[in-house]
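Architecture and fold: a report
Listed here are the chains, written in short residue letters.
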Amino acid sequence: MPGIELIVSVSSPRELDGTELAPFDSVCLGNPYCRRVEGNYAEQLPLLPGAVSSLREAGKKVYVTSPAAPRGRDLPQVERLIEAASRAGAQALEVHNMGVLRILREKGNPLAAHMGAYANVYTHLGAKVMRDYGAVRVRPNAEVSLREMEIIAREAEIEVEVLAHGKIPLGVTDRCSLLTEAEDADPNCPSACRKDHWLTSRDPALRSGSPPGKGEIREGGWVLKTVGKGILSGRDMCMLEHLPGLLSAGFSVFRIEGLYESAAYRSEIGGVYREALELAASGRTYGVRREWAETVRRHAHVGLCNGYHFGKTGRLYIGSVLQKGNSVL
Amino acid sequence: MAELLASGGTPEMVRAVLDNGADAVYVGAKGWSRRRAQYEMDDDQVLVSAEYARSLGKILRVAFNTLPASREIPLLLAKVEKFTSAGIRDFILTDVGAMRELSLRFPGIRIHASVGCTIINSDDAWFYKDAGATRIVAECRMGREEMRRIREEVGVGLEVLVHATTCYTLLGRCTMSSYTRQESRVDAEGKNHFLGSPNRGGLCYRVCLAEWNQVGENGETEAERLILPNQAYFLVDDIPALIDLGVDTIKIQGREYSVPLVGRMVRFYRALIDAYMEDRSSFRIDPWKEQMAGIVSARDGERREKTKGLISESLGA
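Scope of this entry: the structure provided in the associated data block. (Residues numbered from 1 in each chain as written. Chains lettered and ligands numbered in written order. Predicted model: local features only at pLDDT ≥ 70, side-chain atom pairs only at ≥ 80, totals over all residues.)

A few points about the environment of Val-100 of chain A
Residue and element names in this part refer to chain A. The condition that has to hold: Working definition: helices are DSSP H or I runs of at least four residues, strands are E runs of at least two. Numbering for both runs from the N terminus. Residues are called buried when their C-beta atom has 20 or more other C-beta atoms within 10 Å, exposed when it has 12 or fewer, and partly exposed otherwise; all C-beta atoms are positioned from the backbone.
Turning to its location among the elements, Val-100 is positioned in helix 4 (residues 98-106). Judged by local crowding, Val-100 falls into the buried class, with 29 C-beta atoms found within 10 Å. For Val-100 and Asp-196, which are 96 residues apart along the polypeptide, the C-alpha to C-alpha distance reads 29 Å.

This is the structure in structure tokens:
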């Protein structure tokens, strides 16, 4: 599909292993939340040359992410990351922090900048400032609607990346909520975030029905996913039934958020979106196929959402095909 | 000498904080600041309050520190034009594009890069300085070494919040509230108040302060009655060090609190700063900490009630 780019994000060799990459045009390596994630490509820099070269040999574009919230003490590592990513042949650095963007420019490194989900791109004027610093692509904040993204792309003359599927990044912190001790003293680090952890609201007013049974994540109230230093949506952003609209609006760069998901999630969701994008771009009659719907529902433990893209509450699902199966709240 | 800046949620609060010793007061332009509309001011109230501040030789700073939509930029420019024409020169902004645009269109204005910019390292500070900020607000957990670097190496003014909240997530990078509820409410001027988004409209439902259970991938309960840390704090011990560091602005947040409580906070910090400035060598902090305990208790009581109300309100979606 010329002109369309489907990206998947993977933190580490553990996440890359077993992920079927055929559906994807590009891979964004590394984890922006925590430097201590085991095998984090953005931290374990010796891993980058091998990973980048093998992906490029496979015909993929390769990007490397950077820390979402680097303190001053983290900046020397950021400088090393920029150098390592550039030397390894990565094609862009995903940037969430303005200080990192400035360092990239000040170093005179030719690596392009892609502004990430935490860069707080809300307006075309903001995107223009970042463009002047070397950004060639922006992923607007989750709260920015598709209509606003169209304006940003047009007025700032910059490529806009759209989250097509996966958990929505809702917050970043520098204190890991999965640990009870300091990071370097807690035996649960870095293994704690390898497993899924969900936050379910307890307030009686937010609950309905009985507590979830074993193996069941039920949204009796608000459900969020915690990854220790980040809060993600409980529900999966899903734009499957809206792909023709996205293409006709001029969007062509789409992300499948693969961080903290299984290889099966990345592979199967990627496969669904590859097929769906091919159909949507073909001009033939588009409809969500039963097997696609089954796949996205099977992987969405808490349900689907896409409200932000339509200027609504983030956890709502706007559409007419896949809304069934979401719980009330 | 560090400027003492305090919140002006209403014209009455503006008078209270200035009369109680603040050097400057900030107010939110309605629909444009990081608080809901009831704690913001319409244009006439802003202008009257600015006149009052000017009559005392003090400063009124207008907050436009939400992140707007692109189509709202002309509204922002028109409002800033109106305020600058009336002599207001001080503004608080978050959107880096709006910051650059205003600094180019209105030479001589002073721009504070808001706490919503999440400035956590010295290169962040450089970036916002380049975009037109004359003063930057340090992220609430920033250490003194980083502050020193910003002050000495970046050469931009530094503002530190001495009464605020350290949200669980980094303030300005959180959308938990709007994920649970967000509404579009466009006012007569065409500004969307984005109810439920603290970044865009100011109203945060504080969902992080609900009680949570943590559940593992097999549905097992890992922790019960979890509270994500979101602490309101007062800095007292740090005030002498902040002054010694050359911090330019010491800010007391609190537009949503009662006027008497905010007035009390201002009196406390005014007296503390003045006492330290008068005699640094023999200054002792302990008596001040005892005084602060009473203010903390009053603040916590007001905050608890507000949080309960906000969480309940978010359920109305």
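The structure having been displayed, the exposition proceeds.
Quick notes on the packing of helix 4 of chain A against helix 5 (residues 122-130) of chain B
The criterion, for reference: In this analysis, axes come from line fits to C-alpha atoms, helices being fitted only over the stretch in contact, and the angle between any two N-to-C directions falls in the range 0 to 180 degrees. Angular relationships are summarised with four words: roughly parallel below 35 degrees, roughly antiparallel beyond 145, roughly perpendicular across 65 to 115, and oblique for the angles in between. Residues are treated as contacting if the C-beta atoms built from their backbones sit within 7 Å of each other. Under the scheme applied, nonpolar residues are Ala, Val, Leu, Ile, Met, Phe, Trp, Tyr, Cys and Pro; charged residues are Asp, Glu, Lys and Arg; polar residues are all the others, including Gly.
Between helix 4 of chain A and helix 5 of chain B, the shortest axis-to-axis distance is 7 Å and the interhelical angle comes to 80°. Between helix 4 of chain A and helix 5 of chain B, the angle falls in the class roughly perpendicular. On helix 5 of chain B, the residues that touch Met-98, Gly-99, Leu-101, Arg-102 and Ile-103 of chain A of helix 4 of chain A are Asp-123, Asp-124, Trp-126 and Phe-127 of chain B. The residue inventory of the contact of helix 4 of chain A with helix 5 of chain B, partitioned by class, reads five nonpolar, one polar and three charged.

Concerning the packing of helix 1 (residues 11-19) of chain B against helix 2 (residues 43-55) of chain B
All names here are of chain B. Defined as follows: Whether a crossing is left-handed or right-handed is set by the direction in which the near helix is turned from the far one by less than a right angle, anticlockwise for left-handed and clockwise for right-handed.
Relative to each other, helix 1 and helix 2 sit at 15°, their axes nearing to 10 Å. Taken as axis vectors, helix 1 and helix 2 run roughly parallel relative to one another. For helix 1 against helix 2, the interelement crossing comes out right-handed. For the pair helix 1 and helix 2, the contacting residues are Pro-11, Val-14, Arg-15 and Leu-18 in the first and Gln-45, Val-48, Ser-49, Tyr-52 and Ala-53 in the second. Its residues placed into classes, the contact of helix 1 with helix 2 shows six nonpolar, two polar and one charged.

Considerations on the interface of chain A and chain B
This is how it is decided: Here, any two strands with at least 2 DSSP bridges between them count as paired.
Contacts between the two partners involve 56 residues from chain A and, on the opposite side, 57 residues from chain B. Looking at the side of chain A that touches chain B, the elements with two or more residues in it are helix 4, helix 5 (124-132), helix 6 (146-156), strand 7 (159-172), strand 8 (197-201) and strand 10 (230-238) of chain A. Residues belonging to the side of chain A that touches chain B are distributed by class as follows: 23 nonpolar, 19 polar and 14 charged. With five bridges joining them, strand 8 of chain A and strand 8 (residues 212-216) of chain B adopt antiparallel strand pairing. Bridging across to strand 8 of chain B, His-197 of chain A finds its partner in Gly-216 of chain B.

Honestly, that's just the spatial picture; any functional story needs more than this.
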